[in-house]
Amino acid sequence: MSIVTVQLGQCGNQIGFEVFDALFSDSHCPQGLCSKRENEAYQASCKERFFSEEENGVPIARAVLVDMEPKVINQTLSKAAHSGRWKYGQHSCFCQKQGSGNNWAYGYSVHGPRHEESIMNLIQKEVEKCDSLNGFFIIMSMAGGTGSGLGAFVTQNLQDQYSNSLKMNQIIWPYGTGEVIVQNYNSILTLSHLYRSSDALLIHENDAVHKICAKLMNIKQISFRDINQVLAHQLGSVFQPTYSGEGSFHYRRNPLGIDWQVRPPLSGLPTLGKMSLNKEFHFNTSIANLVILRGKDVHSAELGAFKDPALYTSWLEPVHAFSVWKTQRAFSKYEKSAALVSNSQFLVKPLDMIVGKAWNMFASKAYIHQYTKFGIEEEDFLDSFTLLEQVIASYCNLGF
Amino acid sequence: MTQSVVIQVGQCGNQIGCCFWDLALREHAAVNQKAIYDEAISSFFRNVDTRVVGDGGSISKGKICSLKARAVLIDMEEGVVNEILQGPLRDVFDSKQLITDISGSGNNWAVGHKVFGSLYQEQILEKLRKSAEHCDCLQCFFVIHSMGGGTGSGLGTFLLKVLEDEFPEVYKFVTSVYPSGEDDVITSPYNSMLAMKELNEHADCVLPIDNQSLFDIISKIDLMVNSGKLGTAIKPKSLVTSSAGAFKKRQEKPFDAMNNIVANLLLNLTSSARFEGSLNMDLNEISMNLVPFPQLHYLVSSLTPLYTLADVNIPSRRLDQMFSDAFSKDHQLIRADPKHSLYLACALMVRGNVQISDLRRNIERLKPSLRFVSWNQEGWKTSLCSVPPVGHSHSLLALANNTCVKPTFIELRERFMRLYKKRAHLHHYLQIEGMEESCFTEAMSSLSALIQEYNQLDATKSMPAEDLPRLRIAV
């Protein structure tokens, strides 16, 4: 089963490149720490998911590149072609001349409708190249104008046109101390719209990845390339093939097959007012955890601690909330590696901060004229705030 | 990629413009070694086959044949424009994109705005439309002028209304040179005041420049160069004031050093739109991020470093010094002290070998000493462009929407009042058709309202930033 990636905006395209590069490098890594046959099965599975074959043997990424101005896409295409190992499709990009100006409203209300047909056609073409489509992986940032606004628009369209396929959005959470002054507005508008059309939001925070580069990897002068490569490494270790269960002979066919839709039971929940976030949580409460193990000794790894009921919300049994995928084939030359994908309260604090800052700015009406100019009115902001406060409240209540 | 058109109006505007084109060519020559006409260079230049007569000569890609500036030159006297057309840059300008007259505006805003405005309106429209037609995707007009005279001030601001009506979707960035205290033009307060009203109402973004500040920067550089404090020589191309390596090999004229600073400002402003980088910033993002309310669109700028030492081997400390300097009042291009006033928003446009961690480290370091308005505590917009300016390994342009512009406006109002109270020289204006006393009083109200906005913001400076009560959700 194949995944079609849609890379949007500068961030989406820069990261997209690193992701495909990481996936390719790993799948062609000679030291798989497993049998040759195993390695070949892994490679074939990875290839089917992320690359399609070209006549002269250079794999083409199953990706559509979208940006409203040409510089980044040009760079991305040439970097891929330059490597000689894989590349992007010649006709897989959509580009305009003038960017979205960090304006969510422009990306969503102007670029979106204007270029809807062209972009969706490109995606359709890519989908047709797949034997069977599993879903879409949409890479975008929240802070800017194209990734965020146009990204929200495209996701909505994917929901309408491909309602049976999974849509997972890879969202880049901006640095707390500004990259873009209106990033909080753009973020709340993006999140509230994606909540209605996306199946899963996979979040990476720039601040967190930056810390990894600084503290764990000791990089002195950290560039965006460093950050994007760490990110790509993490994503690669999640998306590369794994076995579905114990004793399976084939790699699982459904790479995005986590049950993302979880609904709490309606009865039995105490009614609560707004919770104070200053309260010390002993555990970050989860509703779902997925551990992915790769490399040596995966079958004897002890995972009991992940099944501790204290980690999970009271209305879930750990057995329903915790999954593990394994493969003996090592990832990216690491003898042993593990990845954790978690649906938990981890993001409540960052989300709360963004909503708070956006609310303060909204109260002063600063920058609002830039959005109303393109059809995003104050009510749209209020709708976004309402939806996100509900999300925050729902997650907070998991702790009970 | 988009294109921009530069409109240089009046003596000051044209002299600065001339320096700008000179340095722009120098910059592109340094980057574009193979002389291919690429998208970066097309943002400011057309590629023309000069053998073709008439309009058909434009070449959109391939080798550079002959570069023509996307510029419109306007002056109501012929001296400056003639000099440009006879100088080393004569081939860069399209002779059809000029509007000149002979008599000049006599340092009278009303003559520039009302008389020449109506006289040349058609011609202006025609030249603008022509320059727009030559653009694939026109994004921005850069208007360069001075506030104190007659042409730049009057006709320059008349232009803004024309641009607004004819090209409503194109941004208007105005670089305005404000008169300094020792201005020799007696009526400059009138001209500046009348021009301010137009800037308030029709510009998207204004970059005010003060001659005195430019002069102080030059004095500072001269002091450093001549004091012998520096063990090794300064790289000549790196001086923000020099045109070393550029086309104009003529003797540097008195204002050239100052004009080069402004030219460098415009180059750095557009660098991230023209060249690649890990965090791009397009021109439409400047307005989006730095203008929280439509009327507060005055941005204070500062450029660092002012020069590079020849034996440079960038230690991190020197890089950090660049960031510190950007906030010092000595580096601002108007007389302003942003550190002691209130920030509404700040943009840092970095060029060269600087990474995101350097940027973040310096923002964290400098933040505590700066005061931001309560609703925009993290009001930073940043960009990283990989291509450094000529002669430097890295540089920084800081644009601040800060209440420190207020003193400039207050001083302007005071100088105006001193003249207006006595009705001195007023008859020169009132005798022009279309001019009445109400023009003056309206301009004054407009400026006073603007000052009041800044006052209100300043009043919030000492108040603690409170979090407003959020929406309550029933679960």
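Sequence positions are assigned chain by chain, starting from 1 and proceeding in written order. Labels are handed out in written order, letters beginning with A for the chains and numbers beginning with 1 for the ligands. Totals for whole chains, interfaces and linings use all residues, but because this is a predicted model, local features are given only for residues with pLDDT of at least 70 and pairs of side-chain atoms are given and counted only at 80 or more. With hydrogens and water set aside, each side-chain value is computed from the structure's full complement of heavy atoms.

## Describing the domain arrangement of chain B
Residue and element names in this part refer to chain B. Selection criterion: An automatic or database domain assignment is the source of the domain bounds shown. Here, two residues are considered to be in contact whenever any of their heavy atoms come within 4.5 Å of each other. Here's the idea: put two parts together, see how much 1.4 Å probe accessible area each one loses, and the total over both is what we call buried area. What counts as a salt bridge is simple: a side-chain nitrogen of Lys or Arg found within 4 Å of a carboxyl oxygen of Asp or Glu. Any N or O atom pair separated by 3.5 Å or less is treated as a polar contact, with the protein-specific requirement of one donor-capable and one acceptor-capable atom, and with residues adjacent in sequence counted only for side-chain atom pairs. Numbering goes from the N terminus for both helices and strands, where a helix is a DSSP run of H or I of at least four residues and a strand is a run of E of at least two.
Taken as a whole, chain B is organised into domain 1 (3–47 + 65–243 + 254–407) and domain 2 (408–460). Each of domain 1 and domain 2 was reduced to a C-alpha centroid, and the two centroids are 26 Å apart. At the junction of the two partners, domain 1 supplies 36 residues and domain 2 supplies 35 residues. Here domain 1 and domain 2 share an interface that buries about 3,200 Å² over both sides, 70% of which is from carbon and sulfur atoms. Among the residues of domain 1 in contact with domain 2, Tyr 190, Met 193 and Lys 406 are the three that bury the most area, contributing 26% of the side total. Taken together, the links from domain 1 to domain 2 amount to one salt bridge. In this structure, the salt-bridge partner of Lys 406 is Asp 458, at a minimum N-O distance of 2.9 Å. Across the contact surface, domain 1 and domain 2 share 18 residue pairs in polar contact (both at pLDDT 80 or more). Residue assignment for the side of domain 1 that touches domain 2 shows that the elements contributing at least two residues are α4 (109–133), α6 (188–202), β10 (342–352), β13 (394–402) and α12 (406–421).

## A few points about the interface of chain A and chain B
Between chain A and chain B, the contact holds 55 residues from the first and 55 residues from the second. Carbon and sulfur atoms supply 53% of the area that chain A and chain B bury against each other, a total of about 4,600 Å² over both sides. When the area that chain A buries against chain B is broken down by residue, the three leading residues are Lys 71, Thr 177 and Ile 181 of chain A, summing to 14%. Where chain A packs against chain B, one counts five salt bridges. A salt bridge links Asp 352 of chain A to Arg 470 of chain B, with the shortest nitrogen-to-oxygen separation between them at 2.7 Å. Here chain A and chain B share 30 residue pairs in polar contact (both at pLDDT 80 or more) between them.

## So, unusual backbone geometry
Definition in use: Relative accessible area decides the class of each residue, using a 1.4 Å probe on protein chains only: under 20% of the type maximum gives buried, over 50% gives exposed, and in between gives partly exposed.
Here Thr 304 of chain B and Pro 305 of chain B are connected by a cis peptide whose omega angle stands at -10°. Inspection of the secondary structure assignment puts Pro 305 of chain B in the loop between β9 (300–304) and α10 (316–326). Although it is not a glycine, Lys 365 of chain A sits at a positive phi angle of roughly 65°. Of note, Lys 365 of chain A is situated in the loop between α10 (348–364) and α11 (368–372). Residue Lys 365 of chain A is classed as partly exposed on the basis of its relative accessible area, which comes to 32%. In this structure, Tyr 367 of chain A takes a positive phi of about 70° despite not being glycine. Mapping Tyr 367 of chain A onto the fold places it in the loop between α10 and α11. The exposure class of Tyr 367 of chain A is buried, given its relative accessible area of 0%.

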